[in-house]
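Overview (structure and organization)
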Amino acid sequence: DVKVTQSSRYLVKRTGEKVFLECVQDMDHENMFWYRQDPGLGLRLIYFSYDVKMKEKGDIPEGYSVSREKKERFSLILESASTNQTSMYLCASSSGASQPQHFGDGTRLSIL
Amino acid sequence: AQSVAQPEDQVNVAEGNPLTVKCTYSVSGNPYLFWYVQYPNRGLQFLLKYITGDNLVKGSYGFEAEFNKSQTSFHLKKPSALVSDSALYFCAVRRGADGLTFGKGTHLIIQP
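Our subject in this report is the structure included herewith.

Quick notes on the rules
- Residues numbered from 1 in each chain as written.
- Chains lettered and ligands numbered in written order.
- Predicted model: local features only at pLDDT ≥ 70, side-chain atom pairs only at ≥ 80, totals over all residues.
- Heavy atoms only, no water.
- Disulfide = S-S within 2.5 Å.
- Helix = DSSP H or I, 4+ residues; strand = E, 2+ residues; numbered from the N terminus.
- Core = buried A, V, L, I, M, F, W, Y, C linked by side-chain atoms within 4.5 Å.
- Buried < 20%, exposed > 50% of the residue type's maximum accessible area, 1.4 Å probe, protein only.
- Contact = heavy atoms within 4.5 Å.

1. Some details on the state of the cysteines
All names here are of chain B. Applying the stated rule across the entire model yields two disulfides over all chains. There is a disulfide in this structure between Cys 23 and Cys 91, and the S-S distance comes to 2.0 Å. The S-S bond linking Cys 23 to Cys 91 shows a torsion near -65 degrees; that makes this disulfide left-handed. Of this pair, Cys 23 sits in the loop between strand S3 (19-21) and strand S4 (24-26) while Cys 91 sits in strand S10 (residues 87-94); the two residues are 68 residues apart in sequence, bridging distant segments of the chain.

2. Some thoughts on the nonpolar core
Core analysis: the biggest nonpolar cluster contains 26 residues, and Leu 19, Trp 35, Leu 47, Leu 48, Phe 74, Leu 76 and Tyr 89 of chain B have the highest contact counts within it. Considering every element that reaches this core, the biggest residue donor is S10 of chain B, with four residues. Ignoring anything within four residues of it in the chain, the contact list for Leu 19 of chain B reads Val 13, Phe 63, Leu 76, Lys 77, Lys 78, Ala 81, Asp 85, Leu 108 and Ile 110 of chain B. Of all hydrophobic cores here, the second largest spans 20 residues; its members include Leu 11, Cys 23, Phe 74 and Leu 109 of chain A.

Structure below.
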């Protein structure tokens, strides 16, 4: 089974901090994604990556950046955390556009 | 641009009755459609997908979905609901190679 592991289930940070969310997948998938999930809004795509060192903006990239130095690892960075970034963050990976995405269990991030 | 609509925030069904969770989509070209389920404090789990072929798609846990091109719908169905089916369900459409566009989700509540 594909396993996507997010480093933290719950995280509390303060406004202005630089925050790192880590995601690792064990199936050698090319594609990796970061979404945020908010009640009533569903999931919204923040960034995605086709390959190592490649990244593309999704629908809501403002205030975020990403890093993919190794194929299995995709990091989401909040450059200067703000309270409106309090949310559930979900990482996913897939082997191709027509294939299912496999999700981690999410990181519930609170910015105080 | 692709979009997905889930018109019901919540669906209530008695255990043993058939269930339907509705989804309509808007895409240019042929749609690649997916259903996912999310249990509390967990990531999304893949249920089924439609790429091409038979309009009735069978998936995990006894779920199936019916693709209707003329009505641009992809409703999720199950002949006999279980209490354990209670969860949050998401319909999604592929957005090129750029991940998925999700609906806002439907809470399914199965009453004993």
